[in-house]
Amino acid sequence: MANLDRLSALDATFLHLEDDSTAHMHVASVMVFEGKAPTPAELVEHIMNRLHLVPRYRQRLAYVPLSQGRPVWTDDPHFNPNYHIRHTALPKPGDEATLKQLAGRLFSQRLDRSKPLWEIWLVERMEGNRFALIAKTHHALVDGISGVDITTVLFDTAADPVPTSRPPVLWTAKPLPGRAKLLGEALRERTTVPAEMSRGTRALLRAPRKALSQLVDGLSSVGATTWAGIHAPAPDSPFNVDIGPHRRYTFLDADLAQFKSIKDSLGGTLNDVVLASVSLALGRYLRREGVDTKGLELKAMVPVSVRADSDRGALGNQVAAMWAPLPVGVENPAECLQQITAAMEDLKQSGQAVGAQVLTNLAGFAPPTILSQAARLQARQRFFNLVVTNVPGPQFPLYVLGRRLRVLYPVVPLARRQALGIAVMSYDGHLGFGLLADFDALPQLESIVGDLKRAIASLARAAGVQPAAKRRAKKAAAPRKSARKAPAGPAGAK
């Protein structure tokens, strides 16, 4: 029987991508709250009261001797919450610029693999009576969709919530497995693979026509994925250079309703509008940097969740990928969106995302040494120029210790020769853009945020959508207008 605590092939790949490289494979978020910050002790107690709901957060990796199997999760007997829940404060003026600088420094530091792979930083002294939480979790532990569910576990949906149920018994760590046990279990699991394959063969003999149809469909999907990556490799760009260990980070708070209105007016999906905004922004940036964008089409790797609803809340990665075109040479916003919408529809019809999932599942049969080399090879190939990931978040307010979460900005890690990653997450009517970049390769990262603002505004104009600020002002003025004093009645009326 397979060990349910063993890393999947995809999860192990995120570890291998860090090996002998300057990549840091942690996903993260910057969350800004209103009100006075809780004390560090209050935050530690609050999280510890919920930690039994996510037991993986008390576990660390145990490695199989001689690399004869993928690592397994095991209880950390030395787990100390004060190591993982940390405390700092912003220097004056405590504005968003200083928060971004702090985040960039934190995202430049790898997580310690000898401990549970997560950190949460409490950041005090933000201007405007605010504070922040900066959370980091290794990609081997969590993907975007399951990360959303963990957030809703650790946070409250009301300022004064019902108390969380306590664990029936106090947590104690299970004994660490010895080297012999780790090796023996890994070798024993290998012997079960042929049995699984023979069961597949028996199924083929029992229902040959159905099985053959499924096999053909799967292979055609794999072909679409492989052809997309090899036949049309990503072009050269300033975003594909050797990267160092240091990072820059910036963010943008956009209006989700505005994006939905653009979609309703110009067509496509919400994700298409996000990709069009990114494409228009990067086109502006590249032209300003002297790059000829005429006819230039960058390729974005867009993760697609293949997690079933029944698996929501489970840790580990269940994602596939699509290679989305970014026509950065197209300056007309409506035309840019139309091209992306048509291309994404073709990609969905091609079964490219299904093919990526099939390849991910096949990787589970690869010995760890081969898997490690495959991860390095994947990082060296330029199948895409950057990652653009859009994760749906909760559309209701979240709280921690009675303080409301106002905005959330996500982080996607950089792989080798990937100097820019753009993560987007919706939350409570907001659309938070988080841009992570190599510190040396993109010193003008903040200017890309300005380009992104202008790109969103140009799409809104093309769609005939009012700017978000004007809509908010109009909405705020409506109650005052209806509350005007009623005219007096006829003379003598009481």
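Look up: the structure comes first, before these words.
Basis of the calculations
Residues numbered from 1 in each chain as written. Predicted model: local features only at pLDDT ≥ 70, side-chain atom pairs only at ≥ 80, totals over all residues. Heavy atoms only, no water. Buried < 20%, exposed > 50% of the residue type's maximum accessible area, 1.4 Å probe, protein only. Helix = DSSP H or I, 4+ residues; strand = E, 2+ residues; numbered from the N terminus. Pairing = 2+ DSSP bridges. Core = buried A, V, L, I, M, F, W, Y, C linked by side-chain atoms within 4.5 Å. Contact = heavy atoms within 4.5 Å. Axes fitted to C-alpha atoms, helices over the stretch in contact; angles between N-to-C directions. Parallel < 35°, antiparallel > 145°, perpendicular 65-115°, else oblique. Left-handed = near helix turned anticlockwise from the far one by under 90°. Nonpolar A, V, L, I, M, F, W, Y, C, P; charged D, E, K, R; others polar. Salt bridge = Lys/Arg side-chain N within 4 Å of Asp/Glu carboxyl O.

> Before we go on, may I ask you to explain the pairing of strand β3 (residues 72-75) in this structure?
For a regular strand, side chains alternate in direction, first toward one face of the sheet and then toward the other. Because side chains alternate across β3, one face comprises the buried residues V72 and T74, and the other comprises W73 and D75, equally buried. One ladder, built from four bridges, connects strand β2 (residues 59-62) with β3; its direction is antiparallel. By the bridge assignment, Q59 is partnered in β3 with D75.

> Got a minute to help me understand the nonpolar core in this structure?
The nonpolar side chains of soluble globular proteins are, as a tendency, buried together. In terms of nonpolar packing, the biggest core is built from 50 residues, with L282, L326, L420 and F433 touching the most fellow members. Ignoring sequence-local partners within four residues, the contact set of L282 consists of F239, L298, L326, V328, L386, L420 and I448. Counting 37 residues, the second-largest nonpolar core is a separate cluster that includes L43, Y57, L122 and L141.

> How do you make sense of the packing of helix α9 (residues 270-288) against helix α13 (residues 445-463) when you look at a structure like this?
Helix-helix packing: each pair is described by the crossing angle between the helix axes and the interaxial distance. Two elements in contact, α9 and α13, have axes whose closest approach is 8 Å; the angle formed by their N-to-C orientations is 125°. When the interaxial angle is binned, α9 and α13 end up oblique. Crossing handedness for the pair α9 and α13: right-handed. Contacts from V273, A276, S277, V278, L280, A281, L282, R284, Y285 and R288 of α9 reach α13 at S447, I448, D451, L452, R454, A455, I456, S458 and L459. Looking at the contact of α9 with α13, its residues break down into twelve nonpolar, three polar and four charged.

> Even after reading the chapter, I still don't get the environment of L445, so can you show me in this structure?
If you trace the backbone, L445 turns up in helix α13. Overall, the relative accessible area of 3% leaves L445 in the buried class. Between the C-alpha atom of L445 and that of T250, which follows or precedes it by 195 residues, the distance is 7.5 Å.

> What is the right way to look at helix α1 (residues 9-16) in this model?
Within α1, eight of the eight residues are buried, leaving the element largely enclosed by the surrounding structure. Every buried residue belonging to α1 is among A9, L10, D11, A12, T13, F14, L15 and H16, and all of these are buried.

> Help me understand the pattern of salt bridges, please; the structure alone is not making it clear to me.
Between side chains of opposite charge, a pair can form as their charged atoms come close. A complete count under the given rule lists 18 salt bridges for this structure. The partner of R113 in a salt bridge is E18, with the nearest N and O atoms 2.8 Å apart. With a gap of 95 residues between them, R113 in the loop between α4 (96-107) and β5 (118-126) and E18 in the loop between α1 and β1 (26-34) connect regions that are remote in the sequence. Of the charged contacts in the structure, one is a salt bridge between R60 and D76, with a shortest N-O distance of 3.7 Å.

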